[in-house]
Structure formats: structure tokens, C-alpha cells
Amino acid sequence: ALTALRHLRSGLALWGACFCAAFEAEVLHTVEAGRLLPPGAVVAVGASGGKDSTVLAHVLRELAPPLDVSLRLVAVDEGIGGYRDAALAAVRRQAARWELPLTVVAYADLFGGWTMDAVARSTAGSGRSRACCTFCGVLRRRALEEGARLVGASHIVTGHNADDMAETVLMNFLRGDAGRLARGGGLGSPGEGGALASQKEVVLYAHFCRLDYFSEECVYAPEAFRGHARDLLKLLEAVRPSAVLDLVHSAERLALHPAAQPPPPGACSRCGALASRPLCQACALLDGLNHRHPKPVRALPPGGALLTTPVPGASSLSMVLRRAGL
Ligand code: SF4
């Protein structure tokens, strides 16, 4: 049976090569219109082996010649037994098939021996055990920055689809996290030339391009608060099909009272990364872990966390590639 998706802007039902060509053309237009990747950029692509990062890497590989950019895959090994090894195997297959250089950075090497499994053991029963993904998200961002620095990247791109973004907006509302909501703005809007790729579109692109990706869920995902936001979003979509895009656009246009605006970021006093407090989130989390568990899996290197150098000169953006799902 033919599988097709109605194109949001043209209203055409597209499938196969036409769907993929339209998908890639919108990404190209978005990158060029937003001047997201200047000619000559060295782009570190966050590669997890999952569908979003796989589609992102494939689309950027197709677009690298017209954009005149070079790509480096950077994968993060969080140290999650029974999950990450298989996902990294998918990344290695992709790197070999697409002939892209791959660098793997591991939490254990970067964060004084801490793996996600060690974090989970340390926080179990402490009331923080449901926060594995909070730790993981903060540490992964730092690990990606370190990977980008290692490969000499000028830009970092990571893959998120519109559904992920809407879940994030919901989570931030439910937590009352004005700072994150404020940082979630500024993504542009379809009226400004961008387009968001839904989860369905990302899956369909991967299907039509016969992409090999890893689709199993992380062992810690069932504990994550994101799951509640996902369930709520499904309920909302059942009564309002445009809920995903509406939520993302709401966050983009949100105007916060000046008192709720986060202060301009400074530099972490320990590692130099962007931080709105004396310590960046990664260093603060590692301090908390080391305080609770003073003998982690491996000894800390002199000076504590290894991440002492920010990406030099990089506009270290967590870029939301509209339509490609970042
Ligand atoms: Fe990390 Fe949570 Fe994602 Fe697992 S589900 S890889 S713990 S952020």
C-alpha cells in the first residue's frame, strides 16, 4: 500500500522520492533563510542512533554540498547498560555507510567516572531517582560540546521533532520554569519561513530513505516526567489536532514579565561553560553526586570535572532545524 502524507503548506499528498525532496528542500530553505550554517562551517551532528538524529544526519549529508559545510558525527556514550551499546552500533553503521567521521565521547571519561547507570544507583531511593533524565540531559549537552571541541566544530546540531518540542514546552509550563520557557523562544515561525517536522514526517522520511536507525526506548525513559507530558499531549491532540504546533508557537511568542526573565548568562567559575549561576548545571550536578557518593566508579582527575574548556569560538547552538527535526 502506498504511504503518503499531506504536505502542510501545498496541501499535496506526497510520497516516496517527492516527499523526501520536499522535506530536504524545506530544510535547505530554512538553513539558508536563517543563515544557520555559514559556508565553510564544520558541523558536529549529535548522533544517538535514533530516528531524529539519523534523519538529521542524512538530510545534512544530502545538503552539505550546496551549503558548503562539512559534517562530523559526535555520539555520546552515557554508560547505560542494555541500551546504549546497541544504539552506538547503529551510529557506527551509519558513519561507515555515509563515510562520515565519527567521534564517541563517554560520560565516564568526561565526568570523573560517572555513568548514567552509576548516577541511577546513586540517586535510587533518594527522591531524585526519577530525575535520571534531568541529569542525563544536562551532562549530554556538556558532552556534546566537548565532542564538538575535539573535532574542531564551529556549530553543533541536534535532532528534535515538533512533538518533542511541544512536550518540552508542556513540561516547562507544568514545572513553572520561566527561565527555560524564555530560552525556548526565538525559534522563528512558519510565517517567517521555517517549518517544523512532526514525528510522523520524520518517521516517513526515514522509511522512504530506508534509513537504519535504533528504535528501542532507553531503560530510564519510563521514569521520565516527559512521559506524562507525552500522554497529556496525546489527549490534547485527540480534541485539537493542531495542539503540537500550537504549543510550540505559543512558546515562541511568549512574552515574559521582565522580572521573570533569566539573567544574561556568564561563565561557570569552574569549567567556563555558559552559566546563569556561579557553577553551570553540569558542574553543580556533579558536585551533588560527588558529595552524596564520594567514591565514584573512577577517581576524579585533578581539578574535578574534565570539561575545562568551552568550544573555542563556537556558536554552540542547540539549533532547532525546522522541518528536519532538531
Ligand atoms: Fe538519558 Fe533519559 Fe534519554 Fe535515557 S531517556 S538517554 S536517561 S535522557
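Predicted model only: the values in this text are computed from it and were never measured.

Caption draft 1: Seen up close, the UniProt feature "binding site: ATP" (unreviewed entry) in the chain. Residues annotated by UniProt as "binding site: ATP" (unreviewed entry) correspond here to Gly46, Ala47, Ser48, Asp52, Val76, Gly159 and Asp164. Counting through the fold element by element, Ala47 comes out in the loop between β3 (42–46) and α2 (51–67). Apart from the residues lying within four places of it in its own chain, the contact partners of Ala47 are Ser53, Leu73, Val74, Ala75, Val76 and Val91. Here Val76 lies in strand β4 (residues 70–77).

Caption draft 2: Representation of the pattern of salt bridges within the structure. Scanning all chains against the criterion turns up twelve salt bridges. Linking Glu145 and Arg142 is a salt bridge whose minimum nitrogen-to-oxygen distance equals 3.0 Å. In this pair, Glu145 and Arg142 are both assigned in helix α6 (residues 132–150), three residues apart and thus about one turn of the helix distant. Of the two residues, Glu145 and Arg142, neither departs from the other in class, the shared state being buried. In this structure, Glu167 and Arg226 form a salt bridge, with 3.1 Å as the shortest nitrogen-oxygen distance. Linking Glu167 in helix α7 (residues 162–175) with Arg226 in helix α10 (residues 226–239), this pair joins segments that are 59 residues apart in sequence. For Glu167, a relative accessible area of 3% translates into the label buried. Classification of Arg226 by relative accessible area gives partly exposed; the value is 26%. Through salt bridges with shared partners, one network takes in Glu78, Arg84 and Arg140.

Caption draft 3: Seen up close, the site of the ligand. Around the ligand, the surrounding shell consists of Ile80, Cys133, Cys136, Arg140, Cys218, Tyr220 and Ala221. Residues of the shell around the ligand, tallied by class, amount to six nonpolar, no polar and one charged.

Caption draft 4: Looking closely at the nonpolar core. Judged by nonpolar contacts, the single largest core of 40 residues is most densely connected at Tyr107, Phe111, Met116 and Cys280. Counting 38 residues, the second largest nonpolar core, distinct from the first, contains Val55, Val59, Val202 and Ala206.

Caption draft 5: Structural context of helix α11 (residues 243–253). Within the sequence span of α11, burial applies to Ala243, Val244, Leu247, Val248, His249, Ala251 and Glu252. Residues of α11 that are buried in the fold lie against α7 and α10.

Calculation rules
Residues numbered from 1 in each chain as written. Predicted model: local features only at pLDDT ≥ 70, side-chain atom pairs only at ≥ 80, totals over all residues. Heavy atoms only, no water. UniProt positions renumbered as here; feature names shortened; annotations may be inferred. Helix = DSSP H or I, 4+ residues; strand = E, 2+ residues; numbered from the N terminus. Contact = heavy atoms within 4.5 Å. Salt bridge = Lys/Arg side-chain N within 4 Å of Asp/Glu carboxyl O. Buried < 20%, exposed > 50% of the residue type's maximum accessible area, 1.4 Å probe, protein only. Near = heavy atom within 4 Å. Nonpolar A, V, L, I, M, F, W, Y, C, P; charged D, E, K, R; others polar. Core = buried A, V, L, I, M, F, W, Y, C linked by side-chain atoms within 4.5 Å.

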